[in-house]
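Coordinates in review
Residues per chain are reported as follows:
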Amino acid sequence: MDAGDVLQQLSDGGTVSGEELAEQYGVSRNAVWKHVEKLRDEGFEVESAGDGYRLDSIPDTGGLAVRYHLGDSELGGDVEYHEDVDSTNSVAAEAARDGAGHGYLVVAGRQTGGKGRRGREWESPEGGVWASCVLRPELSPREASVITLAASVAVARALEDVGVDAEIKWPNDVLVDDQKICGVLVELEADSESVHYAVVGLGLNANAHPDVEDATSVAEELGEDVDRARLTASVFRELEDLLDGSREDVLSEWRRRSGTLGREVRIETPDEVFWGTAADIDDTGALVVDTDDGERVVSAADCEHLR
Ligand code: BT5
């Protein structure tokens, strides 16, 4: 038994007898009380009512709070929480190398070495949702781009749910009025045939105010703070739903929520820069661009929306 088990038992809102909990799990009354104290230390309000306990409120951050909101979701079945960490992607990758299973989730209150793509920095002050999940998908490396697409769609869905109308910018950003609210970083460990594991990292400016240009946060959009634990759980539940579904559904929802398609774009690859109109994504997630020299297809690049 652990504090998570006690939390689960308290989750339907009624009063649960300490005696019965102890019996059910074959532990002492004192052990139950210690787990209740742990919940209180993490910010849960647990009322003692006679011989029993009742859950009165849930904190808006912390690993147990995320797990509470995840319910029976496979992603986040195990949650590791840090107040402070260099990068949740690095921690999750290390856990995966040590054997962590599908769904292992690392969440942090703040990152000191948050990573973007290509060695860029990701500002991660206190107040954001900085989270990385280990996936062990049955995908070839070529098919794995669906993870980035699904993660962006999952974020857009979760934002819509709290009242923020966001659109996706190819390949990995979620924007509100052309300001970045979230970035996705997927890192793969794969051979030529299969993906051993993927780490899907999400940096979502929930209540955080990063010191970068053209960024926004959920709190700025809504005019009030959001419950970060609830939002984190909501994103990963949506991601699980999308990854359980078909690739075609992910692609079509991505297209519908994308702000890139139809736009004039400037594309920068490691080798060149070109301009054109973003026409579509192909079934590997690569961007199809109409240019003066004909159609170009890019799979790894930066994309700037021009108008
Ligand atoms: C990304 O990179 O957008 C991927 C960001 C992924 C961050 C998450 S947080 C949890 C997990 N752990 C990590 O260490 N990383 C992941 P990219 O497309 O390269 O964009 C990086 C650029 O976005 C920077 O160069 C800045 O211009 C801008 N930027 C940095 N921090 C930002 C923030 N908090 N909000 C909006 N824009 C930001």
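To be clear, the structure that these remarks concern was listed above.
These notes cover the structure that comes with them. Note that the structure is a prediction, hence the values are computed from the model and not measured.

Quick word on the pairing of strand β5 (residues 105-111)
Counting buried positions along β5 yields six of seven residues, so the element is predominantly enclosed. Of the strand pairs in this sheet, strand β4 (residues 79-85) and β5 are connected by six bridges, and their pairing is parallel. Within β5, the residue paired with Val79 across the bridge is Leu105. Once the chain exits β4 it traverses helix α5 (residues 88-97) before rejoining the sheet at β5, and the crossover so formed is right-handed. Where β5 meets strand β6 (residues 129-135), four bridges bridge the pair, whose relative direction is antiparallel. Looking at the pairing, Val106 lines up with Ser132 of β6.

So, the environment of Arg97
By the element assignment, Arg97 lies in helix α5. You can call Arg97 exposed: its relative accessible area is 57%. Along the chain, Arg97 and Asp60 lie 37 residues apart, while their C-alpha atoms are 30 Å from each other.

So, the sheet that holds β6
Taken in spatial order, the seven strands of this open sheet run β4-β5-β6-β10-β9-β8-β7, and their pairing is mixed. Two strands close off the open sheet at either side, each with one partner strand: β4 and β7 (167-169). Across the sheet, the axes of successive neighbouring strands diverge by a mean angle of 20 degrees, strand direction being ignored. In the packing of helix α8 (residues 228-244) onto the sheet, contacts are made with β5, β6 and β10 (195-204), and the angle to β6 comes to roughly 30 degrees.

Thoughts on the packing of helix α1 (residues 3-10) against helix α2 (residues 18-25)
When two helices pack together, their arrangement is given by the angle between the helix axes and by the axis-to-axis distance. Viewed as axis vectors pointing N to C, α1 and α2 meet at an angle of 125 degrees, and their least axial separation amounts to 12 Å. Viewed along their axes, α1 and α2 adopt a mutual orientation that is oblique. In this structure, α1 meets α2 at a crossing whose hand is right-handed. Counted together, Asp5, Val6 and Gln9 of α1 and Leu21, Gln24 and Tyr25 of α2 form the full contact between these two elements. For the contact of α1 with α2, a count of residues per class yields three nonpolar, two polar and one charged.

Points about the pattern of salt bridges
Oppositely charged side chains are able to pair whenever their charged atoms sit close together. Taken as a whole, this structure holds 22 salt bridges when the rule is applied. The partner of Arg263 in a salt bridge is Asp178, and the shortest N-O contact between them spans 3.1 Å. Of this pair, Arg263 sits in the loop between α9 (247-257) and β11 (264-268) while Asp178 sits in the loop between β8 (173-176) and β9 (179-190), and the two are 85 residues apart along the sequence. The buried category is assigned to Arg263, whose relative accessible area is 17%.

Re the site of the ligand
The environment of the ligand is made up of 27 residues, and the closest members are Ser87, Lys115, Arg117, Arg120 and Lys180. Separating a nitrogen atom of the ligand from a side-chain N or O atom of Gln111 is a distance of 3.0 Å. Within the side chain of Asn172, one N or O atom sits 3.4 Å away from an oxygen atom of the ligand. Here the ligand, which alone exposes 800 Å², has 90% of that area covered by the protein. Mapped onto the shell around the ligand, the elements with two or more residues apiece are α5, β6, β9 and β10. No other element matches the four residues that β9 contributes to the shell around the ligand. A breakdown of the residues in the shell around the ligand according to their chemical character gives eight nonpolar, 12 polar and seven charged.

Each value, and the rule that gives it
- Residues numbered from 1 in each chain as written.
- Predicted model: local features only at pLDDT ≥ 70, side-chain atom pairs only at ≥ 80, totals over all residues.
- Heavy atoms only, no water.
- Buried < 20%, exposed > 50% of the residue type's maximum accessible area, 1.4 Å probe, protein only.
- Helix = DSSP H or I, 4+ residues; strand = E, 2+ residues; numbered from the N terminus.
- Pairing = 2+ DSSP bridges.
- Right-handed = clockwise from strand over helix to strand, strands pointing away.
- Axes fitted to C-alpha atoms, helices over the stretch in contact; angles between N-to-C directions.
- Contact = heavy atoms within 4.5 Å.
- Parallel < 35°, antiparallel > 145°, perpendicular 65-115°, else oblique.
- Left-handed = near helix turned anticlockwise from the far one by under 90°.
- Nonpolar A, V, L, I, M, F, W, Y, C, P; charged D, E, K, R; others polar.
- Salt bridge = Lys/Arg side-chain N within 4 Å of Asp/Glu carboxyl O.
- Near = heavy atom within 4 Å.
- Polar contact = N/O pair within 3.5 Å; in protein donor to acceptor, adjacent residues only side chain to side chain.
- Areas by Shrake-Rupley, 256 points an atom, 1.4 Å probe, with all protein chains shown as cover.

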